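As a plain string of letters, each chain reads:
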Amino acid sequence: MTRVVCIHGIGQQYAGERQLHAAWHPAIADGQLRAGAASPLPAEDVSCVFYGDLFRPPGRTLTLLDPPLRASDVDEGFETELLLALWAEAARTDESVLPPDARTLARTPQTVQRALNALSRSRFFASVALRSLVLDLKQVRAYLCDPAVRDAVQERVAAAVTDRTRVLVGHSLGSVVAYEALCDHPEWPVRSLLTLGSPLGIRHLVHDRLRKPGAWPGGVTAWTNIADQGDVVALVKDLRPLFGDRVACHLVHNGSHAHDATRYLNTPQAGRAVTDGCGLG
């Protein structure tokens with residue numbers, strides 16, 4: 001019976017709800033303290049929806065953490081388009097990344113490999129293995145393009161929301177999940193949406209594939225969107241042109257880990273959104 005329900009993003013297939021809660025709840029509490037809250041939420045008032053296991057391949061050996069994916073495993077449609085968008089944004093925010101040029105207009109396996117090579121040199125993707133990046137692309141495509149996957153994820157969110165839930169928090173792809181859940185359930189008692197490092201503003205690849213693109217998310221009265229200037233996933237930092245002026249958009253600085261969920265959560269901007277959403281301000 002929690003007041004705040006949190007939804008993770010891609011790349012969490014080897015985690016779990018309790019593991020995420022152990023990291024996310026302290027960060028939320030710290031953000032509330034930074035925002036001046038007298039009494040941060042106790043652990044039992046925060047829960048984490050987990051859907052990463054839907055992307056975990058069965059029958060894994062103990063020596064491998066990801067399937068042996070390569071550049072040739074990136075499909076020529078959605079996955080390549082998203083990869084090239086991330087490459088362009090990484091080049092814009094990181095001078096060490098060679099920008100794409102006119103040759104990238106041809107979606108060839110060589111183009112995909114060049115994009116992966118360029119991203120491997122960026123600060124944002126430096127610690128991400130090639131096979132992990134390819135798998136992340138596939139998770140985004142699976143949610144947005146496979147109705148069975150989308151429904152399975154949404155069922156888990158619906159099971160976590162109760163009559164006491166007031167705030168939905170979505171990080172990365174989880175922000176897309178949270179947004180769609182609220183659009184589908186305007187009857188929920190949730191009054192505040194907090195999106196962190198969100199790709200919702202990527203027009204053709206994400207926004208236009210939403211079930212209700214551009215709609216206000218259900219019955220919420222407040223939507224706070226937070227992005228780091230160097231967060232490549234949050235390619236579009238300002239969501240107001242697509243979702244309306246009621247979205248409160250903030251830029252923060254997360255240091256070398258621009259997309260990290262806990263660094264977003266412990267900001268005063270996130271803390272204020274959670275505190276106000278729970279009626280504790």
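Here, every reference points to the structure presented above.
Reading the values: the criteria
- Residues numbered from 1 in each chain as written.
- Predicted model: local features only at pLDDT ≥ 70, side-chain atom pairs only at ≥ 80, totals over all residues.
- Heavy atoms only, no water.
- Helix = DSSP H or I, 4+ residues; strand = E, 2+ residues; numbered from the N terminus.
- Rg over C-alpha atoms; globule rule 2.2 N^0.38 Å.
- Buried < 20%, exposed > 50% of the residue type's maximum accessible area, 1.4 Å probe, protein only.
- Contact = heavy atoms within 4.5 Å.
- Phe/Tyr/Trp six-rings, centres within 6.5 Å; stacked < 30°, edge-to-face > 60°.
- Lys NZ or Arg CZ within 6 Å of the ring centre and 35° of its normal.
- Expected span 1.5 Å × (residues − 1).
- Polar contact = N/O pair within 3.5 Å; in protein donor to acceptor, adjacent residues only side chain to side chain.
- Core = buried A, V, L, I, M, F, W, Y, C linked by side-chain atoms within 4.5 Å.
- Pairing = 2+ DSSP bridges.
- Axes fitted to C-alpha atoms, helices over the stretch in contact; angles between N-to-C directions.
- Salt bridge = Lys/Arg side-chain N within 4 Å of Asp/Glu carboxyl O.

1. Structural notes on the overall build of the protein chain
Along the backbone of the protein chain there are nine helices and six strands. Taken against the 2.2 N^0.38 rule, which gives 19 Å for 281 residues, the C-alpha radius of gyration of the protein chain at 18 Å falls within 12% of a compact globule. Summarising its shape, the C-alpha atoms of the protein chain cover approximately 55 × 40 × 35 Å along the three principal directions. In the protein chain, which comprises 281 residues, the share counted as buried stands at 52%. Sequence-distant contacts in the protein chain: of pairs separated by 6 or more residues, those separated by 24 or more amount to 76%.

2. Describing the packing of aromatic side chains
All told, the structure shown has five aromatic pairs when counted by the stated rule. Ring centres of Tyr 179 and Trp 223 lie 5.7 Å apart, and the angle between their planes is 35 degrees; this geometry places the pair in the tilted category. Taken as a pair, Tyr 179 in helix H6 (residues 173-184) and Trp 223 in strand S5 (residues 222-228) lie far apart in primary sequence, 44 residues in all. With respect to burial, Tyr 179 and Trp 223 carry one shared label: buried. Members of the aromatic cluster, each reached through a chain of ring pairs, are Tyr 179, Trp 216, Trp 223 and Phe 243. In this arrangement the basic side chain of Arg 246 is found over the ring face of Trp 216, its NZ or CZ atom lying 3.8 Å from the centre.

3. A closer look at helix H5 (residues 147-160)
Over its 14 residues, H5 extends 20 Å from the first C-alpha to the last, a length consistent with the 20 Å expected when each residue adds 1.5 Å. Where H5 begins, the capping side chain belongs to Asp 146, and its oxygen is found 3.0 Å from the backbone nitrogen of Ala 148.

4. Comments concerning the nonpolar core
In terms of nonpolar packing, the biggest core is built from 62 residues, with Leu 168 and Trp 223 touching the most fellow members. Listing elements by their share of this core, those giving two or more residues are strand S1 (4-7), helix H2 (78-93), helix H3 (109-120), helix H4 (130-145), H5 and H6. If you tally residues by element for this core, the top one is H2, at nine residues. Every residue in contact with Leu 168, bar those within four places of it in the chain, is listed here: Val 5, Ile 7, Val 161, Ala 178, Leu 182, Trp 188, Val 190, Ser 192, Leu 193 and Leu 194. In terms of nonpolar packing, the next biggest core, distinct from the first, is built from 26 residues, Ala 27, Ala 227, Tyr 264 and Ala 270 among them.

5. Some words on the sheet that holds strand S4 (residues 192-196)
For sheets, the rule is that strands pair by backbone hydrogen bonds, running either parallel or antiparallel. If you walk across this open sheet you meet the six strands as S2-S1-S3-S4-S5-S6, and the pairing is parallel. The open sheet has two edge strands, strand S2 (46-49) and strand S6 (247-252), and neither has a second partner. Across the sheet, the mean angle separating the axes of adjacent strands is 20 degrees when strand polarity is ignored. By the bridge criterion, four bridges tie S1 to S2 in an arrangement that is parallel. Paired with Val 5 across the two strands is Ser 47, which belongs to S2. Each of S1, S2 and strand S3 (167-171) is contacted by helix H1 (residues 17-34), which is oriented at about 135 degrees to S2, the strand it contacts most.

6. Digging into the pattern of salt bridges
Evaluation of the coordinates by the stated rule reveals 13 salt bridges. The salt bridge partner of Lys 237 is Glu 89, with a shortest N-O separation of 3.7 Å. Remark: Glu 89 occurs in helix H2 and Lys 237 occurs in the loop between S5 and helix H7 (240-243); sequence separation between them is 148 residues. The same class applies to Lys 237 and to Glu 89, which are both buried. Where Asp 208 meets Arg 203, a salt bridge forms, and the shortest distance between an N and an O atom there is 3.0 Å.

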